[in-house]
Amino acid sequence: MQLLTPEGVIEPSEHADRYLPLVEALDDEMLGRFYRDMAVARRIDRDASNLQRQGQLALWVPSHGQEGAQVGSAYAARPQDHIFPSYREHVVGMIRGLDPVRILALLRGVTLGGWNPEENGNFHLYTLVLASQTLHATGYAMGLQFDGATATGDPDKDAAVMVYYGDGSTSQGDASEALVFASSYQTPEVFFIQNNQWAISVPVERQSRSPLSRRGGGFGMPGHRIDGNDVLASYAVTREGLENARAGGGPTLIEALTYRIGAHTTADDPTKYRTQDEVDYWIARDPITRYRAYLESRGVSAEWFDGVDAEAADISSDVRKRALALEAPDRSVMFEHVYSEPHPLMTEQFAWLDNYENSFEDGVA
């Protein structure tokens, strides 16, 4: 499903007409917000990659090229919805109210978890274990059903769950188990697959012999394949899926076709397994470039885009400064919150570790 061509022209693909009313209902402020958030995310992504190269981060997970899929789907969610990310959904977290410095803190190694979801728009923690978040999300969605927090008929209160994962994660058993339970219990849930074509160095053709969207039908739920570089398509199809979920219509699976322009992480060298011609093909379909062309056709001025670029630079500069100021926490924090109440085993283990670490300072180890 595509609404916006790579040239930035509204030309709905087959079966896409029904989504046009959702896009036509967006006002200029929201349309501008789509672009602004994509631009800010792109700038932070670039600067964070540089920080890793300078030795200031242990790792960075680039999101360049996937902003359209992420921004559109994120804005389709309501405040009461719960979002379960993998480890590349930086702008989704920002839209939900997460300070991007919290993401850099995680990848700098100065936090064990990163953030409290309840305080950050129900944006749950990053998951580095592939596909495990699909089970977390499905279990949470089942909990919403048990608590009567969904399908009550009140759209302002009914909640749904959205989980992000990649094409490589679809080969994990956890993903299949999550789809089984979601279908069996008709959970209020959207499975959002960002098919960025590569599971590190393994192409999607080796992951699946047929489009990943067909797995929805195989598990008894609607499956949609969208142009993931079309922010409007991402918004419209995800909104439909979430609204259906909140109303008791069960889960939906969305495959967003996009591309990972950068490396899988800063520990990866994609030139070892993909061609520059392939990268150039997808650069020509960049989600920000095409959306800018669309906004320009609506009369948005060059001055406005310049202002967004300046704002993105300011925000990223601030994030960088605050990330560099982060200090390593006291080693006692790893023992906090293991149990809800103080526990003698944790006290004993911390005392042992503290004595061990201090022995190096005393020169007696």
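Parameters at a glance
Residues numbered from 1 in each chain as written. Predicted model: local features only at pLDDT ≥ 70, side-chain atom pairs only at ≥ 80, totals over all residues. Heavy atoms only, no water. Core = buried A, V, L, I, M, F, W, Y, C linked by side-chain atoms within 4.5 Å. Buried < 20%, exposed > 50% of the residue type's maximum accessible area, 1.4 Å probe, protein only. Helix = DSSP H or I, 4+ residues; strand = E, 2+ residues; numbered from the N terminus. Patch = residues over 30% accessible without salt bridge, like charges linked within 9 Å, V, L, I, M, F, W, Y side chains within 5 Å. Areas by Shrake-Rupley, 256 points an atom, 1.4 Å probe, with all protein chains shown as cover. Salt bridge = Lys/Arg side-chain N within 4 Å of Asp/Glu carboxyl O. Pairing = 2+ DSSP bridges. Right-handed = clockwise from strand over helix to strand, strands pointing away. Expected span 1.5 Å × (residues − 1). Axes fitted to C-alpha atoms, helices over the stretch in contact; angles between N-to-C directions. Parallel < 35°, antiparallel > 145°, perpendicular 65-115°, else oblique. Left-handed = near helix turned anticlockwise from the far one by under 90°. Contact = heavy atoms within 4.5 Å. Nonpolar A, V, L, I, M, F, W, Y, C, P; charged D, E, K, R; others polar. Phe/Tyr/Trp six-rings, centres within 6.5 Å; stacked < 30°, edge-to-face > 60°.

This next bit is on the nonpolar core. Within the largest apolar cluster, 65 residues are counted, with the highest numbers of intra-cluster contacts made by M1, L3, F34, Y35, M162, L232 and Y291. By residue number, the principal contributor to this core is helix α2 (residues 28–53), which donates 10 residues. Counting 19 residues, the second largest nonpolar core, distinct from the first, contains A131, L144, I193 and V204.

Once that is clear, we can look at a nonpolar patch on the surface. Together, L112, V333 and M334 give the surface a local cluster of nonpolar side chains, amounting to about 280 Å² of exposed area. Tracing the sequence through the fold places V333 in the loop between α13 (302–324) and α14 (344–362). V333 gets classed as partly exposed once you look at its relative accessible area, which sits at 31%.

Moving on to the pairing of strand β3 (residues 189–195). Burial of β3 is extensive: 7 of the 7 residues sit out of reach of the surface. Here β3 shows no split at all, with E189, F191, I193 and N195 on one side and V190, F192 and Q194 on the other all buried. Note that strand β2 (residues 161–166) and β3 share 6 bridges and pair parallel. Note that in β3 the partner of G166 across the bridge is Q194. Handedness of the crossover joining β2 and β3 through helix α7 (residues 173–185): right-handed.

We now examine α13. Between the first and last C-alpha of α13 there are 33 Å, a value that for 23 residues agrees with the 33 Å anticipated at 1.5 Å per step. Restricting attention to buried positions, one finds in α13 the residues F305, V308, A312, S316, V319 and A323.

Let's shift gears to unusual backbone geometry. Even without being a glycine, A151 presents a positive backbone phi close to 60°. Overall, A151 belongs to the partly exposed group, its relative accessible area being 42%. Located in the positive-phi region is Q186, a residue other than glycine, with phi close to 50°. For Q186, the location among the structural elements is in the loop between α7 and β3. You can call Q186 partly exposed: its relative accessible area is 35%.

Here we take up the sheet that holds strand β7 (residues 252–257). Spatially, the 5 strands line up as an open sheet ordered β1-β2-β3-β7-β6, and their pairing is parallel. The sheet is open, and its two edges are formed by β1 (82–84) and β6 (223–227), each paired on a single side. Across the sheet, the mean angle from the axis of one strand to that of its neighbour is 20°, orientation sign disregarded. When β1 meets β2, the two strands line up parallel, connected through 3 bridges. Looking across to β2, one finds that F84 is bridged to V163.

Another point: the packing of helix α5 (residues 100–108) against α13. One way to put it is that α5 packs onto α13 with a least axis distance of 9 Å and a crossing angle of 40°. As the angle between them shows, α5 and α13 are arranged oblique. For the pair α5 and α13, the crossing hand works out as right-handed. Across the interface between the two elements, P100, V101, L104 and R108 from α5 touch V319, R322, A323 and L324 from α13. Residue composition of the contact of α5 with α13, grouped by class: 6 nonpolar, no polar and 2 charged.

The subject of this paragraph is the packing of aromatic side chains. With the rule as written, the count across this model stands at 20 aromatic pairs. Aromatic pair Y35 and W304: ring centres 5.8 Å apart, planes at 50°, arrangement tilted. With Y35 in helix α2 and W304 in helix α13, this pair connects stretches of sequence that are 269 residues apart. Residue classification places Y35 among the buried positions, given a relative accessible area of 4%. Ring centres 6.4 Å apart and planes at 85° place the aromatic pair Y165 and F191 in the edge-to-face group. Here F191 lies in strand β3 and Y165 lies in strand β2, a separation of 26 residues in the sequence.

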